Amino acid sequence: MADYFLVKTPLTLENCLSHDGALVLEQHAELRAMLEARTPAAAGLFAEPLISRGNDQAAASVSWYGDVDGKPVPLSRLDSASRAEAQARLQAQVTPLLPLLDDPEVGAMLSRALYTLEPGSIVAVDGTPLLLNWGMLPDGFERDRSARANHFAQTLGAFVPFPAPPPLGPSEAQKYREAIAAPRAAAGDTGPAPATGAAAAAAATGGMAAASAAKAAPPPPSSPPAEAEPRRVGPGGWVPLLVLTVLAAVVLLWLLLPGTRLFPNDPSEQAISDVAAAELAEEVNAALEARLASLQAALDGAQCRADGTLLMPDGMTIEGLLPPDPRDPNDRAGAIVPADLTPILPPDPARVAVPTATGTLETANLLALVDARTALVIAQTATGTGTGTGFFVGPDLLVTNFHVVEGAAADSIFVTNEALGAVRQAQLLKQSGPLQATGADFALLRVPGANQPAFDILQGTESLRLQAVIAAGYPGDILRTDAQFSQLRAGDLSAVPQLAVTDGTVSVEQDMAPRNTRVVVHSAPISTGNSGGPLLDSCGRLVGVNTFVVQGPLRNLNFALASPELLGFLQGTGALPNVVSSPCRPQVARPSPPPAVAALPAPGAPAEGIPALPLPGATPE
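Predicted, not measured: the structure shown is a model, and the values here were computed from it. (Residues numbered from 1 in each chain as written. Predicted model: local features only at pLDDT ≥ 70, side-chain atom pairs only at ≥ 80, totals over all residues. Heavy atoms only, no water.)

Broken down by element type, the chain carries 15 helices and 29 strands. Out of the 621 residues in the chain, the part that is buried amounts to 42%. Taking the intrachain contacts of the chain between residues at least 6 apart in sequence as the baseline, contacts between residues at least 24 apart amount to 67%. Of the roughly 31,900 Å² of accessible surface on the chain, 57% is carried by carbon and sulfur atoms. (Helix = DSSP H or I, 4+ residues; strand = E, 2+ residues; numbered from the N terminus. Buried < 20%, exposed > 50% of the residue type's maximum accessible area, 1.4 Å probe, protein only. Contact = heavy atoms within 4.5 Å. Areas by Shrake-Rupley, 256 points an atom, 1.4 Å probe, with all protein chains shown as cover.)

Okay, here's the thing in structure tokens:
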């Protein structure tokens, strides 16, 4: 076992590559033994994993250990001098491995080990390069050669030149051999094919010295050389240029795909500076510590009443309700009562009643309100179809993110939800983005013929911190298994996927650098496909527009552009949403009591409905 603990990261088993029926991660001992035997300088390159597959109480994770003590820092975050030094050391370790990728004994395992999950997985510990999250790829990339090549070019390939991405499978191995052989053919080398295995490693580490010695040796006597003809490039000399051109074209096409990258590819680097990220982390940690303290206090002081109601130390239920008043016959299950703004657990959205502008309570609950006002957005481009989420701010006006519809033709944007009943074509009226350049990520659509209710938009002065919120949308992970979405893709325009709703609390409200864009950071889970969807408070008012996620080593930070940013975008568009400023006063229907449990009969007494049986030795009456 390596001596020093470095960091703990979450583990998604679907991201792990396998070799010979086991995860590559689980073959670290074999990998290290092979490296020590063939290229000792690279033996410590792969951090040693201690895998926990998780259980009902804890998610799967990996604890990483290394030979050097210190804090792992991604190479991309080092200063230029330190990065250059670490990159040079990394190249010195990795370059001798390149011939081994074609080795029949170790090539398959080593090729898979060299793939890392994200650019931040290539780190330096006290100046020593190290790979974390190795033997992993984003879900689906193992089978998608083009996506995998682009991913590798942004991870290890960004620091070490490879003739081709590490091969996965026989056909890719053949292409890898051709990529290695191409420069030799272009140089007119007709000697034997490159060595593999130990010979290849020895050649890679000792080739420079051998070449220098050959140059230093005096040439054998010979007749004066004839005048050399100009060197001509053979047919194979164009192969490297062709490969680079094709690779550049593939990367360019990928960068132009607007419909498949619904969230910024790396929000932490694109939208937030390192300084801002550090400040945000401190604020989020402070919010989490406050939350932990409140939960601990609730756990220590909670009491259970005789009727089964669990009361917190402040006398309220875990959902922030006062206990029922036994003297009030109207205070029973289903009765709508005031709720606390920052409960221990958010109440079930199906029981949240939403106040209207007149002050009365709608008969529909919060979920029904969200369903009627939220829609699936579909954007078609020449390179693919993408999905996102939108919400109505007027009878026929819908807002989504700019990056959801970016690049779509005027007649290639569509929306649908249960209330619309079928897919409707939408018109793009206004857009502002991308976020990194403008500080905004909004698009306003018109849906001809629609007459939908709209969300109220909150523009208040009170902090939202620790308040309960819900996020609504159509995340891609859920759409992939939604039968209605499959029917929609097959051409049934009346099929409508189900809206997904998650709840959480607000962690931080912050002005995000560099353009001071106001954002709401919250814990309601969102993912690709939630882009452009609403973030709502417990009164059903819009407080933000879900836009991107920052993936951290232990948790994700969910970002919504705050409602004042949206109101600024809507100025001058003709959209006239109802803007409110009053604090939320949640109203929640009381839950139904738990089913009564029949009391056990006293010892010797017959249960109800069962005749008594005489005891042994007793005289029947």
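To continue, consider unusual backbone geometry. What is expected of a backbone is that most residues other than glycine have negative phi and most peptide bonds are trans. The residue after G433, namely P434, is reached through a cis peptide bond having omega 0 degrees. Tracing the backbone through its elements, the reader meets P434 in the loop between strand 19 (427-432) and helix 12 (435-438). Of note in the backbone geometry, L466 takes a positive phi value of approximately 70 degrees without being a glycine. With respect to the helices, strands and loops of the structure, L466 is situated in the loop between strand 21 (457-458) and strand 22 (468-473).

So, about helix 4 (residues 145-154). Along helix 4, the positions that sit buried rather than exposed are A147, R148, A149, N150, H151 and F152. You can read the cap of helix 4 off the contacts: a side-chain oxygen lies 3.3 Å from the backbone nitrogen of S146, and it is on D144. (Polar contact = N/O pair within 3.5 Å; in protein donor to acceptor, adjacent residues only side chain to side chain.)

Time to look at the sheet that holds strand 6 (residues 73-74). Spatial ordering of the open sheet is given by 6-7-8, a layout of 3 strands whose pairing is antiparallel. Each edge of the sheet is formed by a strand with only one pairing partner; in this case those strands are strand 6 and strand 8 (128-131). In this structure, strand 7 (residues 122-125) lies alongside strand 8, joined through 4 bridges in antiparallel fashion. Note that in strand 8 the partner of I122 across the bridge is L131. The strands touched by helix 2 (residues 80-94) within the sheet are strand 7 and strand 8, with strand 8 carrying the most contacts at an inclination of about 60 degrees. (Pairing = 2+ DSSP bridges. Axes fitted to C-alpha atoms, helices over the stretch in contact; angles between N-to-C directions.)

The next point concerns the pattern of salt bridges. Counted according to the given criterion, the structure contains 11 salt bridges. Across the pair R32 and E36 runs a salt bridge whose closest N-O atoms are separated by 3.2 Å. Taken together, the residues span about one helical turn, with R32 and E36 both in helix 1 (residues 28-38) at a distance of 4 residues. With a shortest N-O distance of 2.9 Å, D103 and R38 are connected by a salt bridge. Placement of the pair is D103 in the loop between helix 2 and helix 3 (107-113) and R38 in helix 1, with a sequence separation of 65 residues. Among the charged side chains, a salt-bridge network with shared partners connects R32, E36 and D67. (Salt bridge = Lys/Arg side-chain N within 4 Å of Asp/Glu carboxyl O.)

Defined simply, a disulfide is a covalent bond joining two cysteines at their sulfur atoms. This model, assessed by the stated rule, comprises 1 disulfide. One disulfide in the model links C539 with C584; its S-S distance is 2.1 Å. Judged by the torsion about the S-S bond (95 degrees), the C539/C584 disulfide is right-handed. Residue C539 is found in the loop between strand 25 (534-537) and strand 26 (542-551), and its partner C584 is found in the loop between strand 28 (579-580) and strand 29 (587-589); the two are separated by 45 residues along the sequence. Side by side, C539 and C584 carry an identical accessibility label, which is buried. (Disulfide = S-S within 2.5 Å.)

Here the chain averages 78 in pLDDT, while 74% of its residues score no lower than 70. Summarising per-element confidence for the chain, the mean pLDDT is lowest in helix 6 (residues 197-216) (35) and highest in strand 16 (residues 397-400) (96). A low-confidence stretch, residues 190-231 stays under pLDDT 50, and its non-local contacts, those more than four residues away or across chains, total 24 contacts. Note that residues 612-621 has pLDDT below 50 and, in this model, 1 contact with residues that lie over four places away or in other chains. (pLDDT = per-residue confidence, 0-100.)

Core analysis: the largest hydrophobic core is formed by 52 residues, its most contacted members being L31, F46, L90, L110, W134, L156 and F162. Elements supplying a minimum of two residues to this core: helix 1, strand 5 (61-66), helix 2, helix 3, strand 7 and strand 8. Ranked by residue count, the leading element in this core is strand 7, at 4 residues. Every residue in contact with L110, bar those within four places of it in the chain, is listed here: L31, M34, F46, L97, L100 and L101. (Core = buried A, V, L, I, M, F, W, Y, C linked by side-chain atoms within 4.5 Å.)

On to the packing of aromatic side chains, then. Here a ring pair, both rings aromatic, is described through the centre-centre distance and the interplanar angle of the planes. Tallied over the full model, the rule gives 8 aromatic pairs. Taken together, the ring pairs in this structure connect F46, W64 and W134 into an aromatic cluster. Above the ring of F569, the side-chain terminus of K430 is found at 4.8 Å from the ring centroid. (Phe/Tyr/Trp six-rings, centres within 6.5 Å; stacked < 30°, edge-to-face > 60°. Lys NZ or Arg CZ within 6 Å of the ring centre and 35° of its normal.)

Let's shift gears to helix 2. One full turn of an α-helix is made of 3.6 residues, so residues set three or four places apart face in the same direction. Between its terminal C-alpha atoms helix 2 stretches 20 Å, which fits the 21 Å expected from 15 residues at 1.5 Å a residue. Of all the positions in helix 2, only A86, L90, Q93 and V94 are classed as buried. Angular distribution of buried residues about the axis of helix 2 spans 85 degrees; they occupy a single face of the element. Exposed residues lying more than 90 degrees from the buried face of helix 2 are S80, A81, E85 and A92. Residues of helix 2 that are buried sit in contact with strand 7 and strand 8. The N-cap of helix 2, judged by a side-chain oxygen 3.2 Å from the amide nitrogen of A81 a few residues on, is D79. (Expected span 1.5 Å × (residues − 1). Arc of directions from axis to C-beta.)

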